[in-house]
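Analysis of the macromolecular model
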Amino acid sequence: MDVGYVYDLLGSRSSQCIVTSNQYWSGTAISRNKGMIEQLLRYGVIRSEKVVEVMKTIDRALFVPEGTPAYVDSPASIGYNATISAPHMHTMCLQLLEDKLQPGMHALDVGSGTGYLTACFALMVGPKGRAVGVEHIPELVAWSMKNVEQSAAAPLLKDGSLSLHVRDGRKGWPEHAPYDAIHVGAAAGDIPQDLIDQLKPGGRMVIPVGTCFQDLQVIDKNSDGSISSRSETCVRYVPLTSRDSQLEGL
């Protein structure tokens, strides 16, 4: 479920939807994770030293299907009508949530897919924090656990500060709530109330919202429990839906 291109929307929202992808580079010449980071820096996508550090540590190649170019700025199919996001989208979400991914904090990754962002979250919150991934496709959860076991986040999976679960992501994971950071990797028609309820006062959620027209929304819960929101950019993600609906047509 973890997907998405940033796109430029031409014309008004009542007009025909015309989309152009914002892919920063293409081709398969980049053969190392370090090269991907250098490209993100070159194009000004990464502005955070902490995000540079975590993306250097978690190699994207461990989280894409065998034979898939790992370092192209493009989403890649992971099966089950799902994809892993393009590197620039992962970078954007990490930077939007960075302040809520400090050591000791709790993070929830909804639609965790192959486990890439969950592993990044786990490194950022550390062993005294908690990173939880939820994904409603059991086969993806099993695969994501194998991916994490090969990565620098493996000790955190072993000690339990990182965990991956089979569950309808719209319901979150109440056991380790409230969360300082929530990331949602699929587009919701309406923001699920369960996720709002599991967001800690002072916490932040990043979630794509919409159907044909989607915005990456930044949702902040204020200290009094009220909600503030803003649109970061236009995006295109798969729908946040049920397992059966996601698998239709396979």
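A short tour of the structure in this document, coming up.

Reading guide: rules and limits
Residues numbered from 1 in each chain as written. Predicted model: local features only at pLDDT ≥ 70, side-chain atom pairs only at ≥ 80, totals over all residues. Heavy atoms only, no water. Axes fitted to C-alpha atoms, helices over the stretch in contact; angles between N-to-C directions. Helix = DSSP H or I, 4+ residues; strand = E, 2+ residues; numbered from the N terminus. Parallel < 35°, antiparallel > 145°, perpendicular 65-115°, else oblique. Left-handed = near helix turned anticlockwise from the far one by under 90°. Contact = heavy atoms within 4.5 Å. Nonpolar A, V, L, I, M, F, W, Y, C, P; charged D, E, K, R; others polar. Buried < 20%, exposed > 50% of the residue type's maximum accessible area, 1.4 Å probe, protein only. Pairing = 2+ DSSP bridges. Phe/Tyr/Trp six-rings, centres within 6.5 Å; stacked < 30°, edge-to-face > 60°.

**What about the packing of helix 2 (residues 49–57) against helix 4 (residues 116–125)?**
Helices that pack against each other are described as a pair by the angle of their axes relative to one another and the distance between those axes. Packing of helix 2 against helix 4 brings their axes to within 10 Å, and their N-to-C directions diverge by 125°. Relative to helix 4, the element helix 2 is oriented oblique. Regarding helix 2 and helix 4, the two cross each other, and that crossing is right-handed. Contact residues: Lys50, Val54, Met55 and Thr57 in helix 2; Tyr116, Cys120, Leu123 and Met124 in helix 4. Broken down by class, the residue content of the contact of helix 2 with helix 4 amounts to six nonpolar, one polar and one charged.

**Let's talk about the pairing of strand 7 (residues 162–166)**
A large share of strand 7 lies buried, amounting to four of its five residues. For strand 6 (residues 130–135) and strand 7, the ladder comprises five bridges, and the chain directions are parallel. Bridge pairing links alanine 131 to leucine 162 in strand 7.

**Digging into the packing of aromatic side chains**
Throughout the structure, instances matching the rule amount to one aromatic pair. With 5.6 Å between their ring centres and 75° between their planes, phenylalanine 63 and tyrosine 116 make a pair best called edge-to-face. With phenylalanine 63 in the loop between helix 2 and strand 3 (76–79) and tyrosine 116 in helix 4, the pair connects residues that are 53 residues apart, well separated along the chain. You'll find phenylalanine 63 and tyrosine 116 in the same group, each marked buried.

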